[in-house]
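Coordinate analysis (summary)
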Amino acid sequence: MNLKKILAGSVAAVVAASSFAVVANAEEGGVNYKAGLYFQTNAWTFRNSIAQSEGVWWDPDAAGVYYGYDVWQAGDVDITGDGTYMVYFEKNVMNSPSFDEDPINYCKDGPEMFWNLLGLQTNIPFDDYKTTAINEDGEEYEEMLVDITIEKLVVDGKEIAGATDATVGLGNIEIDDYADGCNGITERVGNAYSVGFYNNWNPDGTFIDGTESFGGRVMVVFTITGLGGSGGNYTEGDEPNWLTLSNDEPAGDDDTSGDTSGDDDASTTTTTEASTTSNTTGVEYSAEGDNGIIYIILGIAAAVVVIIIVIVVIVKKKK
């Protein structure tokens, strides 16, 4: 018996078994990730990542001090497999020129007029959904296995031109939740699948007009493929349950998405999830759903290693 052939066959078995397990996992689904929107404005108001439960603005006169919007909701979504999803956020627009004129919609670095950043973020890790491919020069590179197609971006009821040209990329997730207090130190994890619509510092990451697309209610519908399984929370015609009818007009009594009772200045801050699912406050970066497949692959590899050791011992005894 040729030991090299045995070893080669064993290695092939590991690769084949691992590939089979990955395919089987993709067919069965079983993933559990998150997606949501991030933004930053010219007034340095921001939601840097889906780990941040609220959009906030920082006080330039007091280091490390952050304030929330008076109206806020983030409609993040659970990603459970391939499908079409809706995510959104809503905030009051901080466009007041002075505190005395309109304290609710005033921030010190305002007024808000355009985006510095706007995009769709997931916590789907690239390392778990990639493959090795060969380019035209015969060089190896890591290729994405997940694709995200933007169906539409709607801001204040207006569908934004150019958004559907945005393509999937990779981005880091900042895991500090400024809304719960922050010491100014930001930790980043990634790479994770994401789609950028606007980047004030990177023309290659810009597909829309940062001023024309600016507003208080932002909704994105997207389709994701490559995870396997079946998911989605969006049906054509669905709309978020908006908290307000305009920048300063609260929704009617039949709107149950947030509490606008009390004084006229009462703030409304809530976290909901797109469609019928529930949102988390402060999304943790995790790869839930992949643990099972990882254990399967490790188990297969360990079993093959044991077989190789046994074969080597047998061959040595025969000699």
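Calculation criteria
Residues numbered from 1 in each chain as written. Predicted model: local features only at pLDDT ≥ 70, side-chain atom pairs only at ≥ 80, totals over all residues. Heavy atoms only, no water. Helix = DSSP H or I, 4+ residues; strand = E, 2+ residues; numbered from the N terminus. Buried < 20%, exposed > 50% of the residue type's maximum accessible area, 1.4 Å probe, protein only. Contact = heavy atoms within 4.5 Å. Areas by Shrake-Rupley, 256 points an atom, 1.4 Å probe, with all protein chains shown as cover. Salt bridge = Lys/Arg side-chain N within 4 Å of Asp/Glu carboxyl O. Phe/Tyr/Trp six-rings, centres within 6.5 Å; stacked < 30°, edge-to-face > 60°. Pairing = 2+ DSSP bridges.

Some words on the overall build of the chain
When helices and strands are counted, the chain shows 2 helices and 15 strands. Within the chain, buried positions represent 42% of all 319 residues. If you take every contact in the chain between residues at least 6 apart in sequence, the share linking residues at least 24 apart comes to 69%. As displayed, the chain offers around 16,200 Å² of accessible surface, 51% of which is attributable to carbon and sulfur atoms.

Side note on the pattern of salt bridges
Enumeration according to the criterion identifies 9 salt bridges in this entry. The salt bridge involving K130 is made with D127; its shortest N-O contact spans 3.2 Å. Residues joined by salt bridges that share partners form a network here, namely D59, D61 and K108.

A closer look at the packing of aromatic side chains
Per the counting criterion, the structure on display carries 16 aromatic pairs. Taking the centre distance of 6.2 Å and the plane angle of 40° together, the rings of F39 and W72 count as tilted. Here F39 is found in strand β1 (residues 33-41), whereas its partner W72 is found in strand β5 (residues 71-79), with 33 residues between them in sequence. Owing to a relative accessible area of 0%, W72 belongs among the buried residues under this scheme.

A closer look at the pairing of β1
For β1, the buried fraction is high: 9 of the 9 residues fall into the buried class. Pairing of β1 with β5, which is carried by 3 bridges, proceeds in the antiparallel orientation. Residue pairing for β5: K34 is matched across the bridge by D78. Strand direction decides the pairing type here: β1 and strand β7 (residues 115-125), joined by 7 bridges, are antiparallel. Each residue of the ladder has a partner; that of F39, found in β7, is L118. Relative to strand β2 (residues 45-47), β1 is paired through 2 bridges, and the arrangement is antiparallel.

What to know about unusual backbone geometry
Of note, the bond from G110 into P111 is cis; its omega dihedral lies within 30 degrees of zero at 5°. Mapping P111 onto the fold places it in the loop between β6 (83-91) and β7. A positive phi angle is found at W44, which is not glycine, with a value near 60°. Tracing the sequence through the fold places W44 in the loop between β1 and β2. The backbone phi angle of D156 is positive, close to 50°, even though this residue is not glycine. Assignment of secondary structure puts D156 in the loop between β10 (147-155) and β11 (158-159).

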